[in-house]
Amino acid sequence: MVDWLHLGLLLIPTLPLIAGLWIGLGMVFKWNRGEKGERETAYIAVGSASLVLLSLLVLAIYSGMQGSLGTVVISRWLESGNIQASVNLLLDPLSLTLASVFSLIILLTLRFSVSYLHREASFQRFFLIMCLFHAAMLLIVLGGNLMVTFVGWELAGISSYLLISYSWQREYASTSATRAFVTNRVGDAGFLLAIFMALIYWGNSDWEALLVQSQAESSLVTNSIVLGLILAACVKSAQFPFSAWISHALEGPTPSSGVFYGSVMVHAGVYLLLRLSPMLEQMPIISWLLAAVGLATVIYAWFLAQMQTDIKSSLIFSTLMQVGIMVIEIAAGWTSLALVHLILHAIWRIYQFLLSPSFLQQTSSPAPAAPAWFQQSVWLHNACLQRFWLDRLADTFLVRPTRLLAHEAQLFDQQVVDRLTGTPSHVNMLSTLAQMQALQTGSLQLNSQVGIGSGMFGKLLQRLAEMMEWFEERLVLKSSSDGLAGLATVLGQRAELIEAYLRQPRYMLVLIAATLVVVL
């Protein structure tokens, strides 16, 4: 009975993954592509989200009647010395409440997207990523330890990157996705630091074990774990000074912008802080630092909100203000208020985002201008237009170094690795559709149609391939008047002419006389 219960609990976060896998297989094997496959894709995505929500509601009712289920161990993950890690789920009131609320919001967003993205070229791709995101959020809020939570944390980041770059043909979309992805890696470093410290010094990363251990001792290890998780939470929830990326993350479709950055994923950091709240009560200095971060975020978002003229940007800065207030509430110890604030804000904000495409049809007045006192302060006005230069700082210290590192890694791959392995050079390959079109129009020329080899074996194979190419081009693949085909035609014509001559009597007598002369 316990095994069946564990299997059923494991299906809650994995059911959206199964739905995403099914949609992905349909895209690969082409049974659900195009408009004909929209109905099946919608049924799979919406159906899996509905089953997850129903299961969570049943668990919440059972937990309310029978008491909290606590940590449920599904299976052992790894065990090395005093380090132990399990695949477990934490089914307490906080996890079940937020998992139910987030699943309800994702379900409504999926149903809205069925009509909103009808006949969209990437309809299936959107629902595939949304299923991955649903599974990620379930792992975050239901994970019983830091390692399971981190898996969902990373899966949510990947889903965010894929949906920001949904229209990857636009350069701004791909640049914004890169900025968000790189910035969130800073938070991942803090998360990994917390996991490392917990496993090395305490041998366990379960949430319940962390709280017990932190109450038993207050040390540098505890402070390092808390600070690492706070860094991860601040980056994921776009708190100051990591707020620049979220305003550029609205390049994806409106439903994904609402569910990611207005309602669900933006609150993942707040959930992490709610988990840490018992530990923060023993760390007043860190709590004051967290409150300062939340206050700075509120001030930053409020000033920038005065400059916005489009609905989505206004909503995203309003979201930042509300999340900053939640952070202040947690730092002050008002965790129950922060939880209620989170739930109400998530529901209200997704409604606003889903309503935003039709907002212009429901209003006749333009966006209000900035206050007069605000416009009179030239320096403050310009600073808000530049978003307090956080974009430049993020590009200078995060995005550009990452791109330079990627460029250097590519050069090392081409100049060293490819030459050692004999792999053909990348500069002689067609890597994009634009290059193929340029080759067809004649504006792009390749050095050799067989490729350029590197290293001893690569050069040898290149020479052999060029010889075979010459043989084919000069002898085999020529027109009927050239090459082997032309030579065979000429020889055949000459043979027919000789045979025609031999059939005549006089030439036959001459041939017989010549034969007798040779014999005698």
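Quick note: structure is the one above.
Note that this is a predicted model, so its numbers are computed, not measured.

Turning next to the overall build of the protein chain. Within the protein chain, the secondary structure is distributed over 22 helices and 2 strands. Out of the 520 residues in the protein chain, the part that is buried amounts to 45%. Taking contacts inside the protein chain between residues at least 6 apart in sequence as the whole, the part at least 24 apart equals 71%. With the model as given, the accessible surface of the protein chain reaches about 27500 Å², and the carbon-plus-sulfur share is 66%.

With that settled, consider the environment of Tyr351. Summarising the element assignment, Tyr351 is placed in helix α14 (residues 335-355). The spatial distance from the C-alpha of Tyr351 to the C-alpha of Leu108 is 9.7 Å, given a sequence separation of 243 residues.

In this section: a nonpolar patch on the surface. Residues Leu21, Trp22, Leu25, Val28, Phe29 and Trp31 make up a contiguous nonpolar surface patch of roughly 640 Å² in combined accessible area. One can find Phe29 in helix α1 (residues 2-29). A relative accessible area of 58% places Phe29 in the exposed class.

Another aspect to go through is the pattern of salt bridges. By the definition in use, this model includes 3 salt bridges. Its salt-bridge partner being Arg275, residue Asp92 comes within 2.7 Å of it at the nearest N-O pair. Of this pair, Asp92 sits in the loop between β2 (83-91) and α3 (93-116) while Arg275 is found in helix α11 (residues 268-280), placing the two residues 183 residues apart along the sequence. Grouping residues by exposure puts Asp92 and Arg275 together as buried. In this structure, Asp188 engages Arg185 in a salt bridge whose closest nitrogen and oxygen atoms are separated by 2.4 Å. Of this pair, Asp188 and Arg185 both sit in helix α6 (residues 171-202), 3 residues apart, which is roughly one turn of the helix. For Asp188, a relative accessible area of 5% gives the class buried. Under the relative-accessibility criterion, Arg185 is labelled partly exposed at 23%. Within this structure, Glu154, Arg185 and Asp188 form a network of salt bridges that share partners.

Counting 121 residues, the largest nonpolar core has Phe133, Leu142, Phe191, Leu229, Ile230, Val259 and Tyr261 as its most contacted members. A total of 15 residues in this core trace back to one element, the largest contributor, which is helix α4 (residues 123-142). When neighbours within four sequence positions are excluded, Val259 is seen to be in contact with Ile105, Ile106, Thr109, Met130, Phe133, Val264, Met265 and Ile350.

Before going further, it helps to spend a moment on the packing of aromatic side chains. Counting across every chain of the model gives 15 aromatic pairs. With centroids separated by 5.7 Å and ring planes inclined at 55°, the aromatic side chains of Phe240 and Tyr300 adopt a geometry described as tilted. Of this pair, Phe240 sits in the loop between α8 (220-236) and α9 (244-247) while Tyr300 sits in helix α12 (residues 284-305), and the two are 60 residues apart along the sequence. The exposure class of Phe240 is partly exposed, given its relative accessible area of 29%.

A separate point is the pairing of β2. The side chains of a regular strand alternate between the sheet's two faces. Counted residue by residue, β2 has 7 buried out of 9 residues, so it is predominantly covered. Turn length for the strand β1 (residues 70-80)-β2 hairpin, with the two strands adjacent in sequence and antiparallel, is 2 residues, and the turn residue Gly81 shows positive phi of about 65°.

A separate point is helix α5 (residues 146-164). If you check α5, its first and last C-alpha atoms are 26 Å apart, about what 19 residues at 1.5 Å a residue would give, namely 27 Å. The element α5 is largely enclosed, with a buried count of 14 among its 19 residues. With a side-chain oxygen positioned 3.0 Å from the backbone nitrogen of Met147, the residue opening α5 is Asn145.

Of all the positions in helix α7 (residues 207-216), only Trp207, Leu210 and Ser214 are classed as buried. Around the axis of α7, the buried residues are gathered within 55° of arc, so they sit on the same side. Across from the buried face of α7, at angles greater than 90 degrees, the exposed residues are Val212, Gln215 and Ala216. Here the buried face of α7 lies against β2, α5, α6, α8 and α11.

Our next topic: the side chain of Glu329. Take Glu329: it is sitting in helix α13 (residues 311-331). No salt bridge is formed by the buried Glu329; the nearest opposite charge belongs to Arg349, separated by 12 Å. Once residues within four sequence positions are removed from consideration, Glu329 is found in contact with Trp334, Leu337, Ala338 and His341.

Below, the discussion takes up the packing of α4 against α5. For the pair α4 and α5, interaxial distance at closest approach is 7 Å and the crossing angle is 155°. Our classification of the angle between α4 and α5 gives roughly antiparallel. For the crossing formed where α4 meets α5, the hand is left-handed. Residues Arg125, Phe126, Ile129, Met130, Leu132, Phe133, Ala135, Ala136, Leu139 and Ile140 of α4 pack against Val148, Thr149, Val151, Gly152, Trp153, Leu155, Ala156, Ser159, Leu162 and Leu163 of α5. Classifying every residue of the contact of α4 with α5 by side-chain character gives 16 nonpolar, 3 polar and 1 charged.

Cut-offs applied
Residues numbered from 1 in each chain as written. Predicted model: local features only at pLDDT ≥ 70, side-chain atom pairs only at ≥ 80, totals over all residues. Heavy atoms only, no water. Helix = DSSP H or I, 4+ residues; strand = E, 2+ residues; numbered from the N terminus. Buried < 20%, exposed > 50% of the residue type's maximum accessible area, 1.4 Å probe, protein only. Contact = heavy atoms within 4.5 Å. Areas by Shrake-Rupley, 256 points an atom, 1.4 Å probe, with all protein chains shown as cover. Patch = residues over 30% accessible without salt bridge, like charges linked within 9 Å, V, L, I, M, F, W, Y side chains within 5 Å. Salt bridge = Lys/Arg side-chain N within 4 Å of Asp/Glu carboxyl O. Core = buried A, V, L, I, M, F, W, Y, C linked by side-chain atoms within 4.5 Å. Phe/Tyr/Trp six-rings, centres within 6.5 Å; stacked < 30°, edge-to-face > 60°. Pairing = 2+ DSSP bridges. Expected span 1.5 Å × (residues − 1). Polar contact = N/O pair within 3.5 Å; in protein donor to acceptor, adjacent residues only side chain to side chain. Arc of directions from axis to C-beta. Lys, Arg positive; Asp, Glu negative; His and termini not counted. Axes fitted to C-alpha atoms, helices over the stretch in contact; angles between N-to-C directions. Parallel < 35°, antiparallel > 145°, perpendicular 65-115°, else oblique. Left-handed = near helix turned anticlockwise from the far one by under 90°. Nonpolar A, V, L, I, M, F, W, Y, C, P; charged D, E, K, R; others polar.

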